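One-letter residues, chain by chain:
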Amino acid sequence: QVQFVESGGGLVQPGGSLRLSCAASGFTFSSYGMSWYRRQASGKERELVAAISIANVRTNYADSVKGRFTISRDNAKSTVYLQMDSLKPEDAAVYYCNAGFTRPALGNDYWGQGTQVTVSS
């Protein structure tokens, strides 16, 4: 069973940092690119925020987070990370991870619970 378990969210002041983690299972992690998505408000579609290729060769970021967010992965732990620095109120969202570099590679049926990030003073 494919599973994604996100963690590391919380409340942070503008300008602060958070590191999100996503533990994946149920598929061969090292064979897939991995991505982070976020949903910023109820009813909005998930937005692709950052992606990392299979062998860490390539990364891709949404323009809104370039230079502030860094995606990384640990294939030995089947875990993908998102380091978020210089956080802004508009970064507040529920963050999710999934397999794939540009879209969910395993289909749209597999999503974790996400982790809530709140940016507020």
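You'll find the structure just up there.
So, here's what we can say about the structure. (Residues numbered from 1 in each chain as written. Predicted model: local features only at pLDDT ≥ 70, side-chain atom pairs only at ≥ 80, totals over all residues. Heavy atoms only, no water.)

1. Here's the deal with the overall build of the protein
Assigned secondary structure in the protein consists of zero helices and ten strands. Reading the protein from its N end, one meets helices and strands in the order β-β-β-β-β-β-β-β-β-β. Computed over its C-alpha atoms, the radius of gyration of the protein comes to 13 Å, within 12% of the 14 Å expected for a compact globule of 121 residues. Over its C-alpha atoms, taken along the principal directions, the protein stretches across nearly 40 × 30 × 25 Å. Taken over 121 residues, the protein has a buried fraction of 44%. For the protein, long-range pairs separated by at least 24 residues make up 56% of all intrachain contacts whose partners lie at least 6 apart in sequence. Here the protein contributes 12 positive and 9 negative side-chain charges, whose respective centroids are spaced 3 Å apart. (Helix = DSSP H or I, 4+ residues; strand = E, 2+ residues; numbered from the N terminus. Rg over C-alpha atoms; globule rule 2.2 N^0.38 Å. Buried < 20%, exposed > 50% of the residue type's maximum accessible area, 1.4 Å probe, protein only. Contact = heavy atoms within 4.5 Å. Lys, Arg positive; Asp, Glu negative; His and termini not counted. Charge placed at Lys NZ, Arg CZ, Asp CG, Glu CD.)

2. Thoughts on the pairing of strand β4 (residues 34-39)
Within β4, five of the six residues are buried, which leaves the element mostly enclosed by the surrounding structure. One ladder, built from five bridges, connects β4 with strand β5 (residues 47-52); its direction is antiparallel. Bridged to Trp-36 within β5 is Ala-50. As paired elements, β4 and strand β9 (residues 93-99) share six bridges and run antiparallel to each other. Pairing of Trp-36 across the sheet is with Cys-97, part of β9. (Pairing = 2+ DSSP bridges.)

3. A word on the pattern of salt bridges
Taken as a whole and assessed by the stated rule, the structure comprises four salt bridges. Note that Arg-38 and Glu-47 form a salt bridge whose closest N and O atoms lie 3.0 Å from each other. With relative accessibility at 26%, the residue Glu-47 sits in the partly exposed group. Between Asp-63 and Lys-66 there is a salt bridge whose closest N-O contact spans 3.2 Å. Residue classification places Asp-63 among the exposed residues on the basis of a relative accessible area of 66%. Each of Arg-38, Glu-47, Arg-68 and Asp-91 takes part in one network of salt bridges that share partners. (Salt bridge = Lys/Arg side-chain N within 4 Å of Asp/Glu carboxyl O.)

4. Let's talk about the nonpolar core
One finds Phe-4, Trp-36, Val-80, Leu-82, Met-84 and Tyr-95 to be the most contacted residues of the largest nonpolar core, which totals 29 residues. Counting residues per element, the ones that place at least two in this core are β3 (18-25), β4, β5, β7 (69-74), β8 (79-84), β9 and β10 (115-119). Apart from the residues within four sequence positions on either side, Leu-82 is in contact with Leu-18, Arg-19, Leu-20, Trp-36, Ala-50, Phe-69, Thr-70, Ile-71 and Tyr-95. (Core = buried A, V, L, I, M, F, W, Y, C linked by side-chain atoms within 4.5 Å.)

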